[in-house]
Amino acid sequence: MSVPANVIKQVRALRDAIELHNYRYYVLDAPIIPDAEYDRLFRELQELERKYPELAVPESPTQRVGGVPLTEFSPVTHRTPMLSLNNAFEGEEVVAFDRRIREQLGVEVVEYAVEPKFDGAAVSLSYQNGLLAQGATRGDGYTGEDVTTNLRTIKVVPLRLPADPPPVRLEVRGEVLMLKRDFERLNQEQARKDEKIFANPRNAAAGSLRQLDPRITASRHLTFFAYGLEGVEGRTLPRTHSALMDFLVTQKFPVCPERKVVRGVQGLLDYYRSIGSKRETLPYDIDGVVYKVNDLDQQERMGFVARAPRFALAHKFPAEEATTEVLDIDVQVGRTGAVTPVARLRPVFVGGVTVTNATLHNEDEVRRKDVRIGDTVIVRRAGDVIPEVVSVVPDRRRTDAREFVMPRVCPVCGSKVVRLPGEAISRCSGGLYCPAQRKQAILHFASRRAMDIQGLGEKRVDQLVDNHLVETPADLYRLDVPTVARLERMAELSADNLVKAIEAGKRTTLARFIYALGIPDVGDATAKELARFFGDLDPLIDADEQTLRYVEDIGPEVAQSIVQFFSEPHNRKVIAQLRAAGVRWERGEGGPKKTTLAQFIARLEIPGIGPSTAERLAVGSGGIERLMQVDAQTLQEEFDLPPNAARSVVEYFRSSKNRKVIKQLLNLGLTFTENAGTAGKPSPVRGKTFVLTGTLQSLTREEAKEKIEALGGKVTGSVSKKTDYVVAGAEAGSKLAKAQELGVPVLDEEGLMKLLSGSVRGGRQK
Ligand code: IVH
């Protein structure tokens, strides 16, 4: 089928538009149409190309990612070698560079084209008759690899040059880069997938460019900057480097906007400094700047030495990364008590300074990077940022490298720390006993909203602690007047008052007492909630983290903090001493807040059980106790649960930890309000009055009563006209007779069970 002329025209217009918008979006970062509009154009073009496959030419913007994965890259011999640059690190070397050029050219001042030195992978792009024909890596400078299909996936690389007529041949050189933000994203993604983490954007760019499957390269979002133009045929070009770059801009190549033309050595050094100060804010990594004699005739006169041109120089920034050895790993305690592992390093010059320590951020990071004492590591110091260990050099691991063990003691006081093994530790849970926090603990204990001990201020506490009269709050109750009176500036009367005040504070409320303990993260509002919920101290001491989560406003961290506090033997000891000293409190009132059973089940977060399934379980279950017993088959049959969900419920309730939590909550008086779902539902049991008589076979009368009540029925002791059912077991007596006399329906055990399970069905929701 030949393609109609108007379709060819339309396809051409679509391509021009898409290329323009690609350029606006990817190169200029200034799109002029919304994404949806772009997508529409793109789909329209794809549609036409599907209809007329001969239009799907390689230079079409729809054809960037295509073809089958390669098995290897073919070698490409560069027409002109891809050379390297001489490096300079010091200003003096730059001065010498400029002097040599002036002398050789016999000029007063040299004009230079200057640009950043991109830290990526060098490539060469060959265009034939305006179309991208081949792209190659630098390789050893003479022979590289053919990575054309991968380079085509880079959106900023033109597939077709706009010049009309196009040059017969054009070879552009430049650097493939990965933007810092794309690098971060890639590594996050790699970590999530448990795949290779790249050490830096350059490695990521080079690795992505050498993927045999171009779809992988496409997914990596590489970018490109052109910095050179080699062979040109069929066109005369300007005779300065800067004008060549301007020409490349007209051909839609991305050229670095930071490039400039400067004069003389001062121009070079100023440029070095100004790019250096911008380095951190640039979206891509650079490792220096490149100076090139701008005039191409002058360049030719300068010529080459070995493999580098005499007319150009790379002025490098101090390396941001260096390798060195980890001599030890310590922890550092911050002002807030945060604990950070720090690598002590063999001194190394990096980022312009000598570095001896580098942060490892946290314990997880040490594990993730698998840094061991004795390892050779890459250390990074970028700008003024704290030096960090980037990665280990695995090939250089010594056989005697030692794993780092995070200390499980508070680095301040030597007592145990809050978080358990495997979790990031933060600080000492000491409160009552940490020697480093002793004075604060006692002051807090005595404070107004805690035990409210009048006259026990900072100075007194200092004196008591410094004189070894008091170490923990419990010691306060051992003080007597003569001992206190011996303290400096303490009159007999005030000693008497202090001891009286301590005595008076013995009678308190549970909320105040909990607050007085100084549990990390437990303020007075939380203490009140805890007192209300638990009623007394012992259930609080025994509470599991999960149980604590049912207390209003208590999150996982606070719950953990509380459990940890009470698990410390020192803290329990001090509490026991306080009780022995006669500290007494009023119980808290309230208990767990009422919820519906459905809400409660939903909150258990049983895997696979959402609110609607929870509702279904609640409505027909006959109470939480029954749910804790029920087997998977019953769940599937009675509640219509899918097998996975049924198994999940059974597993949940089989776990002794979960059972303990539910028992704790029930013991605390957790009760359920009527389920929203059951209210108003027709049920043969709800609202009905039952009388039980005689001996039942499969359950006790008490159990039967519970079941009836769980479904909203009532059980009374005597039969009257108001009785709805009499349930008669073996050897039923006078109550059965009475029922028969009044015409009250009589059920046997089987009948009761039917009624109860009918109620289950009646309440079931689909
Ligand atoms: S010009 C004759 N300009 O540096 C040398 N190279 O050591 C032509 N590079 O592998 C290179 N940014 O990939 C030039 N603005 C820039 C550059 C640059 C980075 C890399 C290039 C090459 C290496 C040369």
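Residues numbered from 1 in each chain as written. Predicted model: local features only at pLDDT ≥ 70, side-chain atom pairs only at ≥ 80, totals over all residues. Heavy atoms only, no water.

A separate point is the overall build of the chain. A tally of helices and strands in the chain yields 30 helices and 28 strands. In terms of overall dimensions, the chain is more spread out than a globule: its C-alpha atoms have a radius of gyration of 40 Å, far above the 27 Å expected for 766 residues. Dimensions of the chain, computed from C-alpha atoms along their principal axes, come out at roughly 125 × 95 × 50 Å. Across the 766 residues that make up the chain, the buried fraction comes to 48%. Looking at the chain alone, contacts between residues at least 24 apart form 66% of all its contacts between residues at least 6 apart. With the model as given, the accessible surface of the chain reaches about 38,400 Å², and the carbon-plus-sulfur share is 49%. Of the charged side chains in the chain, 108 are positive and 104 negative, and the gap between their average positions amounts to 2 Å. (Helix = DSSP H or I, 4+ residues; strand = E, 2+ residues; numbered from the N terminus. Rg over C-alpha atoms; globule rule 2.2 N^0.38 Å. Buried < 20%, exposed > 50% of the residue type's maximum accessible area, 1.4 Å probe, protein only. Contact = heavy atoms within 4.5 Å. Areas by Shrake-Rupley, 256 points an atom, 1.4 Å probe, with all protein chains shown as cover. Lys, Arg positive; Asp, Glu negative; His and termini not counted. Charge placed at Lys NZ, Arg CZ, Asp CG, Glu CD.)

As a further point, take the sheet that holds strand S26 (residues 714–716). The parallel open sheet is built from 4 strands, whose spatial order is S26-S25-S27-S28. Of all the strands in the sheet, just S26 and strand S28 (746–747) have a single pairing partner and so form its edges. Its contacts with the sheet put helix H28 (residues 701–710) on strand S25 (689–693) and S26, and the angle it makes with S25 is roughly 170°. In the packing of helix H29 (residues 734–742) onto the sheet, contacts are made with S25, strand S27 (725–728) and S28, and the angle to S25 comes to roughly 140°. (Pairing = 2+ DSSP bridges. Axes fitted to C-alpha atoms, helices over the stretch in contact; angles between N-to-C directions.)

Our focus in this paragraph is the pairing of strand S4 (residues 121–128). Counting buried residues in S4 gives 7 out of 8 residues, a clear majority hidden from the surface. Pairing analysis gives 8 bridges linking S4 to strand S7 (residues 169–178), with the strands arranged antiparallel. Paired with Ser124 across the strands is Arg173, a residue of S7. For S4 and strand S5 (residues 131–137), the ladder comprises 6 bridges, and the chain directions are antiparallel. The residue of S5 that forms the bridge with Val123 is Thr137. The hairpin turn running from S4 into S5, its antiparallel successor, is 2 residues long, and Asn129 in that turn takes a positive phi close to 50°.

A few words on the packing of helix H20 (residues 556–567) against helix H21 (residues 569–580). It is the contact of H20 with H21, at a shortest axis distance of 5 Å, that shows an interaxial angle of 70°. Between H20 and H21, the crossing angle belongs to the class labelled roughly perpendicular. Here H20 contributes Phe565, Phe566 and Ser567 to the contact with H21, which in turn contributes Pro569, Asn571, Arg572 and Ile575. By residue class, the composition of the contact of H20 with H21 is 4 nonpolar, 2 polar and 1 charged. (Parallel < 35°, antiparallel > 145°, perpendicular 65-115°, else oblique. Nonpolar A, V, L, I, M, F, W, Y, C, P; charged D, E, K, R; others polar.)

Bringing the site of the ligand into the picture now. By nearness alone, 14 residues border the ligand, and Pro116, Phe118, Glu175, Tyr227 and Lys292 come closest of all. At 3.0 Å, a backbone N or O of Leu85 approaches an oxygen atom of the ligand. If the ligand stood free it would expose 520 Å²; the protein chains cover 85% of that surface. Breaking the shell around the ligand down by element, the ones donating at least two residues are strand S3 (111–118) and strand S10 (286–293). (Near = heavy atom within 4 Å. Polar contact = N/O pair within 3.5 Å; in protein donor to acceptor, adjacent residues only side chain to side chain.)

Note that the residue after Asp164, namely Pro165, is joined by a cis bond; omega there is 0°. Take Pro165: it is sitting in the loop between helix H4 (148–152) and S7. Residues other than glycine seldom take positive phi values, yet Asp370 does so here, at roughly 50°. With respect to the secondary-structure elements, Asp370 resides in the loop between helix H11 (363–369) and strand S17 (372–373). The phi dihedral of Glu731 is positive, around 55°, even though this residue is not glycine.

In this section: the environment of Thr595. Looking at the secondary structure, you find Thr595 in strand S23 (residues 595–596). Overall, Thr595 belongs to the partly exposed group, its relative accessible area being 23%. Residues Thr595 and Arg100, 495 residues apart in the sequence, show an inter-C-alpha distance of 86 Å. Not counting the four nearest positions on each side in its chain, Thr595 is found in contact with Phe600, Thr671, Phe672 and Thr673.

Checked against the element boundaries, Ser126 lands in strand S4. Ser126 sits in the buried class, given a relative accessible area of 15%. With residues up to four places along the chain from it excluded, the contact list for Ser126 reads Leu131, Leu132, Ala133, Gln134, Leu170 and Glu171.

Glancing now at the packing of aromatic side chains. For any pair of aromatic rings, the description consists of the separation of the ring centres together with the inter-plane angle of the planes. The full count for this structure, using the stated rule, is 17 aromatic pairs. One aromatic cluster is present, formed by Phe118, Phe225 and Tyr284 through successive ring pairs. We note Lys252 situated over the ring of Tyr23; from NZ or CZ to the ring centre the distance is 4.9 Å. (Phe/Tyr/Trp six-rings, centres within 6.5 Å; stacked < 30°, edge-to-face > 60°. Lys NZ or Arg CZ within 6 Å of the ring centre and 35° of its normal.)

Along strand S18 (residues 376–380), 4 of the 5 residues are buried, which leaves the element largely enclosed by surrounding structure. Strand direction decides the pairing type here: S18 and strand S19 (residues 388–392), joined by 4 bridges, are antiparallel. In the strand pairing of S19, Val377 is matched with Val392.

The next thing to look at is the packing of helix H3 (residues 91–105) against helix H9 (residues 264–278). At a minimum axis distance of 9 Å, the contact between H3 and H9 shows a crossing angle of 145°. For the crossing formed where H3 meets H9, the hand is right-handed. For the pair H3 and H9, contact is made by Gly91, Val94, Val95, Phe97 and Asp98 and by Gly264, Val265, Leu268 and Leu269, respectively. For the contact of H3 with H9, a count of residues per class yields 6 nonpolar, 2 polar and 1 charged. (Left-handed = near helix turned anticlockwise from the far one by under 90°.)

This part covers a negative patch on the surface. A contiguous patch of negative charge, built from Glu625, Glu702, Glu703 and Glu706, is present on the exposed surface. Position of Glu703 relative to the elements: it lies in helix H28. (Patch = residues over 30% accessible without salt bridge, like charges linked within 9 Å, V, L, I, M, F, W, Y side chains within 5 Å. Salt bridge = Lys/Arg side-chain N within 4 Å of Asp/Glu carboxyl O.)

Attention shifts here to helix H26 (residues 643–654). Between its first and last C-alpha atoms H26 spans 16 Å; for 12 residues at 1.5 Å apiece the expected length is 16 Å, and the two agree. Three or more residues of H26 are buried, namely Ala645, Ala646, Ser648, Val649, Val650, Tyr652 and Phe653. (Expected span 1.5 Å × (residues − 1).)

Among the structural elements, Tyr25 can be located in helix H1 (residues 5–27). Given the relative accessible area of 38%, Tyr25 is considered partly exposed. Along the backbone, Tyr25 and Arg398 are 373 residues apart, and their C-alpha atoms lie at a distance of 49 Å. Excluding residues that lie within four positions of it along the chain, Tyr25 makes contacts with Ala30, Pro31 and Asp35.

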